[in-house]
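What follows is each chain in one-letter form.
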Amino acid sequence: MPVEEFVAGWISGAVGLILGHPLDTVKVRLQTQNTYRGIVDCVIKTYRRESVLGFFKGMSFPIGSVAVVNSVLFGTYSNSLLLLSSTSHQARKTQPPNYGHIFVAGSIAGFVQAYCLAPFDLIKVRLQNQTEPRARPGVAPSQYRGPLHCARTILREEGPQGLFRGAWALVLRDTPTLGLYFLTYEGLSWWLTSDSKEPGSATMLVAGGFAGIISWTTATPLDVVKARMQMDGLKQREYRGLLDCMVSSARQEGPGVFFKGLTLNSARAFPVNAVTFFSYEHLLRLLS
Ligand SMILES: C[N+](C)(C)CCCC[C@H](N)C(=O)O
């Protein structure tokens, strides 16, 4: 993979990430802690206790990992599609898309990227859930001092498999929904572009934004389960497994529990994924 694509993919991914991170933190807290009455309550409490910095907890690590995760996602998708349909990225733009191939290639890419993402995502979620204000004399410090300290502590206290806590839920969340992600993107950009032309910038932004919204809305139920599995094991183990987590969450909080964070996931998804696809397409044109 060319270095330019890697660097630009990383930077554009990082811009999207910074843009979406405050909403992501509020979402993770609403999904895993029952102390907030809603979005506004969570925003106010976080701001009062932790200042603006509270919303950016757990962000430094994903900025680094987005380089790996984004290149694995787009690289696996393009190569799987090439294998399935034996037409190059550029040639595909001028032919009607084969939606079956797109969905399968996107799902394969989702499966592979979920495994790379799992430990990074776990550390992000654990750090986002630390609600203590910044360390001050006389105030008990947070359990994790930063991403590396968090990784070391998990390794020591929960073993290497501890770093993959919630990985199954993440794989189940991402495999079909990333199929849907690419399907929406390719479908919309084909539909919005006139015959034998390449999609324009506005099309990339709109199709990317909707791809984000559709895949995040369908991913939200398993996103809740994933976040809860990742937080499990911090104190004592509450769930025996994925299914147990689903059943006991539903029993205790009703079916609405699977939609926690839906509004925030969708609001974050549009700008983040509009920027991601926009830079991806422009880079491919620049490099080919
Ligand atoms: C499949 N699912 C919707 C769960 C994730 C899609 C990831 C897309 C992008 N990296 C983002 O953070 O929005």
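Residues numbered from 1 in each chain as written. Predicted model: local features only at pLDDT ≥ 70, side-chain atom pairs only at ≥ 80, totals over all residues. Heavy atoms only, no water.

Looking up the protein in an unreviewed UniProt entry gives the name Solute carrier family 25 member 45, with the organism given as Vombatus ursinus. Check the Sequence similarities (unreviewed entry) section of the UniProt entry for the protein; it says "Belongs to the mitochondrial carrier (TC 2.A.29) family." UniProt annotates the protein under Subcellular location (unreviewed entry) with the comment "Mitochondrion inner membrane". (UniProt positions renumbered as here; feature names shortened; annotations may be inferred.)

Caption draft 1: Inspection of the nonpolar core at higher detail. Counting 18 residues, the largest nonpolar core has L73, F74, Y77, Y181, F182, Y185 and F277 as the members making the most contacts within it. Every element with two or more residues in this core is listed here: α3 (60-85), α5 (99-128), α7 (167-192), α8 (201-231) and α10 (262-287). A total of 5 residues in this core trace back to one element, the largest contributor, which is α7. In this structure Y181 touches L73, A211, G212, S215, N273, T276 and F277, once residues within four positions along its chain are discounted. (Core = buried A, V, L, I, M, F, W, Y, C linked by side-chain atoms within 4.5 Å. Buried < 20%, exposed > 50% of the residue type's maximum accessible area, 1.4 Å probe, protein only. Helix = DSSP H or I, 4+ residues; strand = E, 2+ residues; numbered from the N terminus. Contact = heavy atoms within 4.5 Å.)

Caption draft 2: The arrangement of helix α2 (residues 39-50) in detail. Between the first and last C-alpha of α2 there are 16 Å, a value that for 12 residues agrees with the 16 Å anticipated at 1.5 Å per step. Among the residues of α2, those classed as buried are D41, C42, T46 and E50. Down the axis of α2, the buried set is contained in an arc of 125 degrees. They therefore lie on one face. Along α2, the residues that are exposed and aim more than 90 degrees away from the buried face are V40 and R48. Immediately downstream of α2, the backbone of S51 shows phi near 60 degrees, a positive value. (Expected span 1.5 Å × (residues − 1). Arc of directions from axis to C-beta.)

Caption draft 3: Examining the UniProt feature "repeat: Solcar" (unreviewed entry) in the protein more closely. Per the UniProt annotation, the sites labelled "repeat: Solcar" (unreviewed entry) are residues 1-83, 97-191 and 199-286. Between the first and last C-alpha atoms of residues 199-286 the distance is 14 Å; the span itself is 77% helix and 0% strand.

Caption draft 4: Molecular detail of the site of the ligand. Close contacts around the ligand come from R173, D174, T177, L178, Y181, S215, W216, A219, R268, V272 and N273, and that covers them all. Between the ligand and N273, the relevant distance is 3.1 Å, taken from an oxygen atom to a side-chain nitrogen or oxygen of the residue. More than half of the atoms belonging to the ligand lie within 2 Å of the grid points that define the largest cavity. Contributing elements (two or more residues each) for the shell around the ligand: α7, α8 and α10. Broken down by element, the residue count for the shell around the ligand peaks at 5 residues, all from α7. Residue composition of the shell around the ligand, grouped by class: 5 nonpolar, 3 polar and 3 charged. (Near = heavy atom within 4 Å. Polar contact = N/O pair within 3.5 Å; in protein donor to acceptor, adjacent residues only side chain to side chain. 1 Å grid on protein atoms, 1.4 Å probe; cavity = no way out; pocket = protein on both sides within 12 Å on 5 of 7 lines; lining within 4 Å. Sits in = over half its atoms within 2 Å of the grid points. Nonpolar A, V, L, I, M, F, W, Y, C, P; charged D, E, K, R; others polar.)

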